[in-house]
Number of protein chains: 2
Amino acid sequence: MTERTADRVMDTAAELFRRKGYAESSMRELAELLGIRKATLYHHVQSKEAILEWLCIESLRRVTADVREVIEREDEPLRPMIERHLLVALADRDMHATMLLESGSLSGERRARVVALRRDYELLVEGVIAAEQREGRLRSDYEARPLTLSLLNLLNWTIFWYEPQGAMSAADVARMLASVYLDGAALPVSARPG
Amino acid sequence: MTERTADRVMDTAAELFRRKGYAESSMRELAELLGIRKATLYHHVQSKEAILEWLCIESLRRVTADVREVIEREDEPLRPMIERHLLVALADRDMHATMLLESGSLSGERRARVVALRRDYELLVEGVIAAEQREGRLRSDYEARPLTLSLLNLLNWTIFWYEPQGAMSAADVARMLASVYLDGAALPVSARPG
DNA sequence: TTGACGCCCGACCGGCCGGTCGGTAGTGTC
DNA sequence: GACACTACCGACCGGCCGGTCGGGCGTCAA
């Protein structure tokens, strides 16, 4: 049952960290949510920071794996890649939020490992952006790097306002953001009313 | 000199909170950065949370005032509004980052006040978006609300990767983001190479 | 000279923090 | 019955936290 318990610890920690913030969450509180004592919690995890590192790495691992699969499968991967990124981020919401907001609380090697994974992922996306520019499907008046970072801004922070029970499904939001990013929010002049 | 000192406290606190996070920053550390003792610091501010509230309110006050002025002056305010928002956010970087990341650490009435200001600002932007939709300059296949939140995502989180000493000036980034949001990142099919 | 005021400080407080320790209870194996 | 292993726990630790208290020191006005 170790595996089950470890998973439960990680899920609960992700929810707690997202709701209260990493520094404001205590191991006592986490133990209480799990229905065990703090000393017992340390039987399952090495330290508080180890939990945070695991959450960061796992969220990046999942989004990287999924997006890489889309890139390898699709001929024109940009739009499906955008949609997949968003669907994964919304599915692993608490974990993803913790990675975005709290990875700065890691220190030393833990921090270095997470920063490296994040950089790898950014470069994966940037590679797609640059390729689409070369093939003339994406505008080239700006560098691939700021275009990539803008896209990731647009996507990543959606988890903080999206409401699963609202009018739009996750797939709806994914389509909308892909369309806004690629096609723009403005109506083309030719399509405007007189 | 009280005014000078209070300003210095707020500037220093904003930089510290952005660099280390609110919960991870201590009043001892802030006092040390200011070259005074902790007890003296409490002569100038009421509490740690009061500092955070002031930073949040002030950053929202500035961006709201500036953007409102643009809206009242311009006939087609959307593009200049986007650019102004970004310039203000980049100018008050530490304060703005603290507001975005740490306002959740406020409690009770302080939190309520900041949340209300944030909501006011969102509604101000949403009003512009909705107006542009009615006038046919903005696509209407999505609601004004998610279009607004997407735009704010795209803009707000830029402060975390923009490098002032880099190749692009703040005005360059502002123009780029306005163009990506309005015109899209894709090349129109008609403009693509054969 | 006196006293009010702004600015400063050392010493201290209770409380919560992450983490450790020694030990117990149950369970399955040989 | 002996052993090993896992899950569990109460009690405890040193350390840092936000915040307070009483008082010192210079300036300036009466």
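Up top is the structure these notes are about.
Residues numbered from 1 in each chain as written. Chains lettered and ligands numbered in written order. Predicted model: local features only at pLDDT ≥ 70, side-chain atom pairs only at ≥ 80, totals over all residues. Heavy atoms only, no water.

Before going further, it helps to examine the overall build of chain A. Across its full length, chain A carries nine helices and zero strands. Each principal axis of the C-alpha distribution contributes one length, and for chain A these read about 70 × 35 × 30 Å. Across the 194 residues in chain A, those meeting the buried criterion constitute 49%. Long-range pairs, those at least 24 residues apart, make up 63% of the contacts in chain A between residues at least 6 apart in sequence. Per element, the accessible surface of chain A, about 9600 Å² overall, is 49% carbon and sulfur. (Helix = DSSP H or I, 4+ residues; strand = E, 2+ residues; numbered from the N terminus. Buried < 20%, exposed > 50% of the residue type's maximum accessible area, 1.4 Å probe, protein only. Contact = heavy atoms within 4.5 Å. Areas by Shrake-Rupley, 256 points an atom, 1.4 Å probe, with all protein chains shown as cover.)

Turning our eyes to something else, we now look at the relation of the copies chain A and chain B. Rotating chain A by 180° and moving it 0.0 Å along the rotation axis overlays it on chain B with an RMSD of 0.0 Å. This pairing of chains is accounted for by a two-fold axis. Residue Gly-184 of chain A, judged by its C-alpha, is the member of chain A lying nearest the rotation axis, at 1.7 Å. Counting the interface residues of chain A, we find that 100% of their copies in chain B are interface residues as well, pointing to one common contact surface. (Least-squares fit on C-alpha atoms with pLDDT ≥ 70 in both.)

Now for the nonpolar core. Formed by 121 residues in total, the largest nonpolar core has its most connected members in Ile-51, Ile-129 and Tyr-181 of chain A together with Ile-51, Ile-129 and Tyr-181 of chain B. Discounting residues that sit within four places of it in the chain, Ile-51 of chain B has contacts with Val-9, Met-10, Ala-13, Phe-17, Met-27, Leu-30 and Val-45 of chain B. (Core = buried A, V, L, I, M, F, W, Y, C linked by side-chain atoms within 4.5 Å.)

Attention shifts here to the interface of chain A and chain B. Accessible area lost upon the coming together of the parts serves often as the stated size of an interface. Counting residues at the interface gives 33 residues for chain A and 33 residues for chain B. At the boundary of chain A with chain B, total buried surface from both sides reaches about 3300 Å², with 63% on carbon and sulfur atoms. Summed over the shared surface of chain A and chain B, the number is zero salt bridges. Our enumeration of links across chain A and chain B arrives at 16 residue pairs in polar contact (both at pLDDT 80 or more). Going through the elements one at a time, helix H8 (144–156) and helix H9 (170–183) of chain A are the ones with two or more residues in the side of chain A that touches chain B. The element contributing the most residues to the side of chain A that touches chain B is H9 of chain A, with eight residues. (Buried area = accessible area lost by both parts, 1.4 Å probe. Salt bridge = Lys/Arg side-chain N within 4 Å of Asp/Glu carboxyl O. Polar contact = N/O pair within 3.5 Å; in protein donor to acceptor, adjacent residues only side chain to side chain.)

Let us now look at the protein's contact with DNA strand C. If you check the shell around DNA strand C, you find 16 residues, and the closest are Lys-38, Tyr-42 and Lys-48 of chain A together with Ala-39 and His-44 of chain B. Expressed as a percentage, the sugar and phosphate content of the atoms of DNA strand C within 4 Å of the protein is 52%. Among the secondary structure elements, those contributing two or more residues to the surface near DNA strand C are helix H2 (27–34) and helix H3 (38–44) of chain A together with helix H3 (38–44) of chain B. Considering every element that reaches the surface near DNA strand C, the biggest residue donor is H3 of chain B, with four residues. (Near = heavy atom within 4 Å.)

Let's shift gears to the packing of helix H5 (residues 78–91) of chain A against H9 of chain A. Each pair of packed helices can be described by the angle between their axes along with the distance between the axes. All names here are of chain A. Two numbers describe how H5 lies on H9: the axes approach to 9 Å, and their chain directions differ by 140°. The angle between the axes of H5 and H9 places the two elements in the oblique class. Remark: the crossing between H5 and H9 carries right-handed chirality. Residues Leu-78, Arg-79, Ile-82, Glu-83, Leu-86, Leu-87 and Leu-90 of H5 touch H9, and the partners they reach there are Ala-170, Ala-171, Val-173, Ala-174, Arg-175, Leu-177, Ala-178, Ser-179, Tyr-181, Leu-182 and Asp-183. (Axes fitted to C-alpha atoms, helices over the stretch in contact; angles between N-to-C directions. Parallel < 35°, antiparallel > 145°, perpendicular 65-115°, else oblique. Left-handed = near helix turned anticlockwise from the far one by under 90°.)

The next point concerns a nonpolar patch on the surface. Together, Leu-101 and Phe-160 of chain A together with Leu-101 and Phe-160 of chain B make up an exposed nonpolar region whose accessible area comes to about 300 Å². Here Leu-101 of chain B is to be found in helix H6 (residues 93–102). (Patch = residues over 30% accessible without salt bridge, like charges linked within 9 Å, V, L, I, M, F, W, Y side chains within 5 Å.)

Let's shift gears to the packing of helix H4 (residues 48–73) of chain B against helix H5 (residues 78–91) of chain B. All names here are of chain B. Contact pair H4 / H5: the axes reach a minimum separation of 9 Å and the direction vectors enclose 160°. Between H4 and H5, the crossing angle belongs to the class labelled roughly antiparallel. Crossing hand, H4 versus H5: right-handed. In this structure, H4 contributes Arg-62, Val-63, Asp-66, Val-67, Glu-69, Val-70, Ile-71 and Arg-73 to the contact, and H5 contributes Pro-80, Met-81, Arg-84, His-85 and Val-88. Here the residues of the contact of H4 with H5 sort into seven nonpolar, one polar and five charged. (Nonpolar A, V, L, I, M, F, W, Y, C, P; charged D, E, K, R; others polar.)

The subject of this paragraph is the side chain of Glu-126 of chain B. Structurally, Glu-126 of chain B can be placed in helix H7 (residues 108–134). Here Glu-126 of chain B is in contact with Ala-144, Arg-145 and Thr-148 of chain B, once residues within four sequence places are set aside.

Time to look at the environment of Thr-158 of chain B. Here Thr-158 of chain B lies in the loop between helix H8 (144–156) and helix H9 (170–183). Separated by 16 residues in sequence, Thr-158 of chain B and Ala-174 of chain B have C-alpha atoms that sit 9.8 Å apart. Contacts of Thr-158 of chain B, omitting those with residues within four sequence positions, involve Asn-153 of chain A together with Leu-86, Val-173 and Leu-177 of chain B.

Before going further, it helps to examine the pattern of salt bridges. Evaluated as defined, the whole model comprises 44 salt bridges over all chains. Between Glu-122 of chain B and Arg-145 of chain B there is a salt bridge whose closest N-O contact spans 3.0 Å. Here Arg-145 of chain B lies in helix H8 and Glu-122 of chain B lies in helix H7, a separation of 23 residues in the sequence. For Glu-135 of chain B, the salt bridge is made with Arg-137 of chain B, and the minimal N-O distance between the two is 2.7 Å. Note on Glu-135 of chain B: relative accessible area 48%, which makes it partly exposed. Residue Arg-137 of chain B is classed as buried on the basis of its relative accessible area of 14%. In this structure, a network of salt bridges that share partners links the residues Glu-49, Glu-53, Glu-109, Arg-110 and Arg-113 of chain A.

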